[in-house]
Amino acid sequence: MAIGQNARMDAAVTVDSRWRLSVAPMLDWTDRHCRAFHRLLTVRTRLYTEMVTTGALLHGDVARHLALDSVEHPVALQLGGSEAADLAACTGLARQWGYDEVNLNCGCPSERVQRGAFGACLMAEPMLVADCVKAMNDSAGGLPVTVKHRIGIDTQENYEFVRDFVGAVAEAGCSAFIVHARNAWLKGLSPKENRDVPPLRYEFAYCLKRDFPALTIVLNGGIAGDAAIADHLLQVDGVMLGRHAYHEPWSMARWDSAFFDAPGMAASREQVEARWVAYLEALHARGTPWPHAMRHALGLWNGTPGARRWRQVWSDHRMRSEPPEQVARRATAARLSAAGIAGRG
Ligand SMILES: Cc1cc2nc3c(=O)[nH]c(=O)nc-3n(C[C@H](O)[C@H](O)[C@H](O)COP(=O)(O)O)c2cc1C
């Protein structure tokens, strides 16, 4: 019997809507400012932090990595590491700091991460991941411990590899898996190429859901647009979007009503911008440079006339020390004038 067959259950499919839609963990992108911005667009979508290594948490500035704003919920902390005791200690920290989930990264292919023996190379060691998940669960105090992984590493192309990985880790107590549906090629591709070059195989994630109906299976990789999300949701429990959500943030404004049957958060781009500028003003008042936060919102007007001019004003380095409200007025004026709407803004 293949590893993990015991974890297969033929019981009725359980659907946990907590993972229905999420924004992917993205290093250097999904920091707390980015998550605060995304919350202006969708209330129900689950948000993930950037990957934080156990080393950074156990030997670094915990508050800098873990401080949360209450608006961010539901929010998951993604951990990178492979020492069960360290991961357990960091899971305890996640609980103390109020996170809603702890996710273990088994998908990152970067060389730095490989040197640390975690990320995607952990897929070759399902029993080690199982031990880590057990230890994390022991200190999670009921917080869900989940795993984000690929469907294979290098030239490993058969479905049984990912099936047995999921089976082994599920037996250790993980019940939600986020499947980035392409292999990680550990040699010869940069992390960026590793997000585009290895082919997507959504059917592997669909098969996982069929083989493990009691598990929550979330599909990730190359998904863009509500129609694609809806199609995948017929096959799996959840969909995670990364780059599309980040670059086209307004697309998230429809998600609460379209996928959660809940009232939408954002009435208009103008309303989101006004709230976001208030957030930037608060940073500015505390002496925190706002451009670092603003970079996450530069796609807000994408697809509308004048969006490019709006972005240019906000990105102009001469504006960096100006109060955000002033920059916002200029950016709006530039946008409307480029769009040919005179006399407003
Ligand atoms: C800039 C960037 C940083 C990323 N950092 C992480 C990370 O810290 N942890 C992780 O599991 N995946 C990371 N990823 C991968 C994404 O979570 C996601 O799996 C991948 O982008 C595929 O989804 P997408 O096609 O919807 O973007 C990153 C992706 C990008 C673009």
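For clarity, every value in this text was computed on a predicted model and none was experimentally measured.

Cut-offs and rules
- Residues numbered from 1 in each chain as written.
- Predicted model: local features only at pLDDT ≥ 70, side-chain atom pairs only at ≥ 80, totals over all residues.
- Axes fitted to C-alpha atoms, helices over the stretch in contact; angles between N-to-C directions.
- Helix = DSSP H or I, 4+ residues; strand = E, 2+ residues; numbered from the N terminus.
- Parallel < 35°, antiparallel > 145°, perpendicular 65-115°, else oblique.
- Left-handed = near helix turned anticlockwise from the far one by under 90°.
- Contact = placed C-beta atoms within 7 Å.
- Buried ≥ 20, exposed ≤ 12 C-beta atoms within 10 Å, placed from the backbone.
- Core = buried A, V, L, I, M, F, W, Y, C linked by C-beta atoms within 7 Å.
- Near = placed C-beta within 6 Å.
- Nonpolar A, V, L, I, M, F, W, Y, C, P; charged D, E, K, R; others polar.
- Pairing = 2+ DSSP bridges.
- Right-handed = clockwise from strand over helix to strand, strands pointing away.
- Domains from an automatic or database assignment.

Undergrad: Quick rundown of the packing of helix α7 (residues 159–171) against helix α8 (residues 202–211)? Include the residues and the values.
TA: A pair of packed helices is captured by two measures, namely the crossing angle of their axes and the spacing between those axes. Remark: α7 packs on α8, axes separated minimally by 10 Å, with the N-to-C direction vectors making an angle of 45°. By the angle between their axes, α7 is oblique relative to α8. With respect to the hand of their crossing, α7 and α8 are arranged in right-handed fashion. Contact with α7, carried on its side by Y159, V162, R163 and V166, involves F204, C207, L208 and D211 of α8 and no other residues of that element.

Undergrad: An account of the environment of A328 is needed here, citing residue identities and associated values.
TA: You can see A328 is positioned in helix α15 (residues 324–338). What makes A328 buried here is the crowd of 23 C-beta atoms within 10 Å. Sequence separation between A328 and W310 is 18 residues, and the spatial gap between their C-alpha atoms is 8.7 Å. Once residues within four sequence positions are removed from consideration, A328 is found in contact with E273 and V277.

Undergrad: How would you explain the nonpolar core if you had to name every residue and give the values?
TA: Ranked by size, the top nonpolar core spans 98 residues in total, and within it V102, V133, V169, F177, V179 and V218 carry the most contacts. Looking at this core element by element, the count peaks at seven residues for helix α6 (residues 126–140).

Undergrad: Help me get a handle on the site of the ligand, residues and values and all.
TA: As a matter of local geometry, the ligand sits amid 23 residues, with A24, M26, M51, G242 and R243 nearest to it. Elements supplying a minimum of two residues to the shell around the ligand: β2 (46–53) and α10 (243–247). Looking at the shell around the ligand residue by residue, the classes come out as nine nonpolar, nine polar and five charged.

Undergrad: Lay out the pairing of β2 in plain terms, naming residues and giving numbers.
TA: Counted residue by residue, β2 has seven buried out of eight residues, so it is predominantly covered. Summarising the sheet, strand β1 (residues 21–23) and β2 pair through two bridges and their orientation is parallel. If you follow V23 over to β2, its bridge partner there is L47. After leaving β1, the chain enters helix α1 (residues 32–39) and then returns to the sheet as β2, a path that is right-handed. Two strands pair when backbone bridges link them, and β2 and strand β3 (residues 75–80) are joined in this way by five bridges, in the parallel orientation. Note that in β3 the partner of M51 across the bridge is Q78.

Undergrad: I'd like a rundown of the domain arrangement of the chain, residues and numbers included.
TA: What the domain assignment reports for the chain is domain 1 (5–260) and domain 2 (269–338). Centre-to-centre separation of domain 1 and domain 2, based on C-alpha positions: 31 Å. With 11 residues of domain 1 at the contact, the number on the domain 2 side is 12 residues. Of the residues forming the side of domain 1 that touches domain 2, the biggest block, four residues, is contributed by α1. Residues of the side of domain 1 that touches domain 2, tallied by class, amount to eight nonpolar, two polar and one charged.

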